Amino acid sequence: MVAAAAEQVVAGLREECATPAGRLDEVAAAMAEEMAAGLAEEGGSKVKMIVSYVDSLPNGSEEGLFYALDLGGTNFRVLRVQLAGKEKRVVKRESREVSIPRHLMSGNSSELFGFIALALAKFVHDEGHNTLFDNKQRELGFTFSFPVRQTSIASGTLIKWTKAFSIDDAVGEDVVAELQMAMEKQGLDMRVSALINDTVGTLAAGSYYDEDVVVGVILGTGSNAAYLEKASAIPKLEGELPKSGNMVINTEWGNFSSPCLPLTEYDEALDKESLNPGEQIFEKLISGMYLGEIVRRVLLKISLQSSIFGNVDQTKLKSHFILRTPDISAMHHDQTPDLKIVAEKLADNLKIIDTSLETRKMVVEICDIVTRRSARLAAAGIVGILRKIGRGNPNDKRKSVIAIDGGLYEHYTEFRQCLESTLTELIGEEASRSVTVKLANDGSGLGAALIAAAHSQYLK
Ligand code: GLC
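These notes cover the structure that comes with them. (Residues numbered from 1 in each chain as written. Predicted model: local features only at pLDDT ≥ 70, side-chain atom pairs only at ≥ 80, totals over all residues. Heavy atoms only, no water.)

## Description of the overall build of the protein
1) Next: Within the protein, the regular secondary structure consists of 16 helices and 13 strands.
2) Next: Its C-alpha atoms give the protein a radius of gyration of 23 Å, within 12% of the compact-globule value 23 Å for 460 residues.
3) Next: In terms of overall dimensions, the protein has a C-alpha envelope of 75 × 50 × 40 Å along the principal axes.
4) Next: The buried share of the protein, reckoned over its 460 residues, is 57%.
5) Next: A sequence separation of at least 24 residues applies to 72% of the contacts in the protein between residues at least 6 apart.
6) Next: Carbon together with sulfur atoms contributes 48% to the accessible area of the protein, which is approximately 19,000 Å² in total. (Helix = DSSP H or I, 4+ residues; strand = E, 2+ residues; numbered from the N terminus. Rg over C-alpha atoms; globule rule 2.2 N^0.38 Å. Buried < 20%, exposed > 50% of the residue type's maximum accessible area, 1.4 Å probe, protein only. Contact = heavy atoms within 4.5 Å. Areas by Shrake-Rupley, 256 points an atom, 1.4 Å probe, with all protein chains shown as cover.)

Shown next, in the form of structure tokens:
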């Protein structure tokens, strides 16, 4: 038997993390309500509902060679994409991934952009001589996955950092101008023709292959969603309405919060000790950056209150972010009869050795509780968006496809399955026949290239 004190901790967690359908329904309703408030006026809600200036989605006719830069996590990627119109589509795609040294995520802006521009310049250089660009400037779509107040399709100021970034002097600055400056310093003659969020890229890339895609979601290090809204439903939209009658909105749902969210003591402590206390509450319950950290906090409490982990040196257990979401995913999916992988992960990451099978099962249950809550809340968020646009109900026969990208969705099977079944549970069997969720692998980079193509200076 697992010691009573440990069992009590797990029972408390199970109860506080519960997300019965009724509660998720409240979450979806609150999300839809906040969305409407965020569209009504600037600052109308914590859910920022950012106008992206992307008023139509790619239709396949895009042509040319475009670059993309995808910045938003611990790595950034540079891409070169050759688009060849409706029939041939993407005929060539090359990319390079570079990991960002930790100190650059909290240093200063010119260092970060300098580092990125250098990698980009090398990538461009490796293209070799390309006659296509003899008298022409190269063009780039910039995916910058943080909340940005867009001022046009190719400019916008950083509202705040999220996830693991915190570079004070970049806040309030135009991120395109900073990139452009860094590129010039590298002698790179390239124009940023579009600035987008990764959710917008995912939506764009999704709809490039399937015109029924109406929502783009990221479930990775962070979490967010973008969708196609009717321009007439955006009171805060200034100036002339776009001809298409539509506008892509980057919701920034990560900052959603509501009394109906199932918050525990672990979430509260995590938030307090985070880089951005009081912010990104929904994201902190859902996304890959935080799930492992929540589990670590639960395990630490168990170790403080019971002896089931034996006489463990708690140095590791007390280190923030030492248990990562891929680790809890590996433990959660452990199929070995004696939960060997759980034992290994506990020993390697947390110096918890010599656990009983009973204890290892308990650890798996903790991963399950935390991950199920995350997946079910993400599903409720998606239902909130579907409600806002009048889709995904028995009266709506249109097909609605939700394109999702991000490591959490792509690699964490239990998470993915739980999200998908919860979606059906919430909208019902009948409506769910017209709603599909699909993986839009690497959508954000391709999406940036597509939107850059649609705004190319050479089109006019
Ligand atoms: C964070 C960012 C958001 C981004 C998301 C996924 O929530 O604020 O802009 O889309 O992470 O990368």
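After presenting the structure, the write-up continues.
## Looking at the sheet that holds strand E8 (residues 190-196)
1) Next: Here five strands make up an open sheet; going across it, the order is E4-E3-E2-E5-E8 and the pairing mixed. The open sheet terminates on both sides in strands that have one partner only, identified here as strand E4 (90-99) and E8. Adjacent strand axes in the sheet meet at a mean angle of 20° when their direction is disregarded.
2) Next: As paired elements, strand E2 (residues 63-71) and strand E5 (residues 138-144) share five bridges and run parallel to each other. The residue of E5 that forms the bridge with Ala68 is Gly141.
3) Next: On the sheet, helix H4 (residues 109-125) packs against E2, strand E3 (75-84), E4, E5 and E8 and is oriented at approximately 40° with respect to E3. (Pairing = 2+ DSSP bridges. Axes fitted to C-alpha atoms, helices over the stretch in contact; angles between N-to-C directions.)

## Considerations on the site of the ligand
1) Next: The immediate surroundings of the ligand are formed by 15 residues, with Lys163, Asn197, Asp198, Glu252 and Glu283 found nearest.
2) Next: Contact between the ligand and Lys163: an oxygen atom at 2.9 Å from a side-chain N or O atom of the residue.
3) Next: Glu283 is positioned such that a nitrogen or oxygen atom in its side chain is 2.4 Å from an oxygen atom of the ligand.
4) Next: Secondary-structure elements contributing two or more residues to the shell around the ligand are helix H6 (198-209) and strand E10 (223-230). (Near = heavy atom within 4 Å. Polar contact = N/O pair within 3.5 Å; in protein donor to acceptor, adjacent residues only side chain to side chain.)

## Focus on the packing of aromatic side chains
1) Next: Following the criterion strictly, the structure yields twelve aromatic pairs and no others.
2) Next: Aromatic side chains Phe144 and Trp161 sit 5.8 Å apart centroid to centroid with 65° between the ring planes, which places their arrangement in the edge-to-face category. Residue Phe144 is found in strand E5, and its partner Trp161 is found in the loop between strand E7 (155-158) and helix H5 (175-185); the two are separated by 17 residues along the sequence. Of the two residues examined, Phe144 and Trp161, each falls in the buried class.
3) Next: When the ring of Trp253 is compared with that of Phe282, the centres are 5.6 Å apart and the planes differ by 90°; the resulting orientation is edge-to-face. With Trp253 in the loop between strand E11 (246-250) and helix H7 (265-272) and Phe282 in helix H8 (residues 281-286), the pair connects residues that are 29 residues apart, well separated along the chain.
4) Next: By relative accessible area, which is 0% here, Trp253 ends up buried.
5) Next: Looking at Phe282, the relative accessible area reads 0%, which means it is buried.
6) Next: Taken together, the ring pairs connect Phe142, Phe144, Phe146, Trp161 and Phe165 into an aromatic cluster.
7) Next: Taking the ring centre of Phe123 as reference, the NZ or CZ of Arg80 above it sits at 4.3 Å.
8) Next: Directly above the ring of Tyr409 sits Arg416, whose terminal nitrogen or CZ lies 6.0 Å from the centroid. (Phe/Tyr/Trp six-rings, centres within 6.5 Å; stacked < 30°, edge-to-face > 60°. Lys NZ or Arg CZ within 6 Å of the ring centre and 35° of its normal.)

## A look at empty space enclosed by the protein
1) Next: A full pass over the atoms with the stated rule returns one cavity of 30 Å³ or more.
2) Next: Considered as a void within the structure, the largest cavity measures approximately 70 Å³ in volume.
3) Next: Lining the largest cavity are Ile50, Val51, Ser52, Phe144, Phe146, Val148, Gln150, Leu195, Ile196, Asn197, Val200 and Asn250.
4) Next: Those elements that provide at least two residues to the lining of the largest cavity are strand E1 (50-51), strand E6 (148-152) and E8.
5) Next: Of the residues that constitute the lining of the largest cavity, the class distribution is eight nonpolar, four polar and no charged. (1 Å grid on protein atoms, 1.4 Å probe; cavity = no way out; pocket = protein on both sides within 12 Å on 5 of 7 lines; lining within 4 Å. Points joined across faces, edges and corners; volume = space filled by probe spheres on them. Nonpolar A, V, L, I, M, F, W, Y, C, P; charged D, E, K, R; others polar.)

## Side note on the pairing of E5
1) Next: Among the seven residues of E5, seven are classified as buried, and the element is accordingly described as predominantly covered.
2) Next: Burial of the side chains of E5 extends over both faces: Arg138, Leu140, Phe142 and Phe144 are buried on one face and Glu139, Gly141 and Thr143 on the other.
3) Next: The sheet contact formed by E5 and E8 spans six bridges and is parallel. For Glu139, the partnering residue across the bridge sits in E8 and is Arg191.

## With respect to the layout of surface pockets
1) Next: In this model, the second largest pocket occupies a volume close to 410 Å³.
2) Next: If you trace the second largest pocket, you find 16 residues lining it, with Val51, Tyr53, Gln150, Leu237 and Glu238 closest to the centre.
3) Next: For the lining of the second largest pocket, the secondary-structure elements that each account for two or more residues are E1 and E6.
4) Next: The element best represented in the lining of the second largest pocket is E6, accounting for three residues.
5) Next: A per-class count over the lining of the second largest pocket returns eight nonpolar, one polar and seven charged.

## Quick notes on the environment of Arg391
1) Next: Within the secondary structure, Arg391 sits in the loop between helix H12 (357-388) and strand E12 (400-405).
2) Next: With 36 residues separating them along the chain, Arg391 and Ile427 place their C-alpha atoms 10.0 Å apart.
3) Next: Among the polar contacts listed, one links the side chain of Arg391 to the side chain of Ser400, at a separation of 3.0 Å.

## Quick look at the packing of H12 against helix H14 (residues 413-427)
1) Next: H14 packs onto H12 with a crossing angle of 45° between their chain directions and a minimal axis gap of 8 Å. Between H12 and H14, the angle falls in the class oblique. Crossing angle aside, the handedness with which H12 passes H14 is right-handed. On H14, the residues touching Thr371, Arg372, Ser374, Ala375, Arg376, Ala378, Ala379, Ala380, Ile382 and Val383 of H12 are Phe415, Cys418, Leu419, Thr422, Leu423, Glu425, Leu426 and Ile427.
2) Next: A class-by-class count of the residues in the contact of H12 with H14 yields twelve nonpolar, three polar and three charged. (Parallel < 35°, antiparallel > 145°, perpendicular 65-115°, else oblique. Left-handed = near helix turned anticlockwise from the far one by under 90°.)

## Things to note about the sheet that holds E1
1) Next: As summarised here, the arrangement of the six strands in space is E1-E11-E10-E9-E12-E13, forming an open sheet in which the pairing is mixed. The open sheet has two edge strands with one neighbour each: E1 and strand E13 (435-439).
2) Next: Against the sheet, H6 touches strand E9 (213-219), E10, E11 and E12, its axis set at about 135° to E9.

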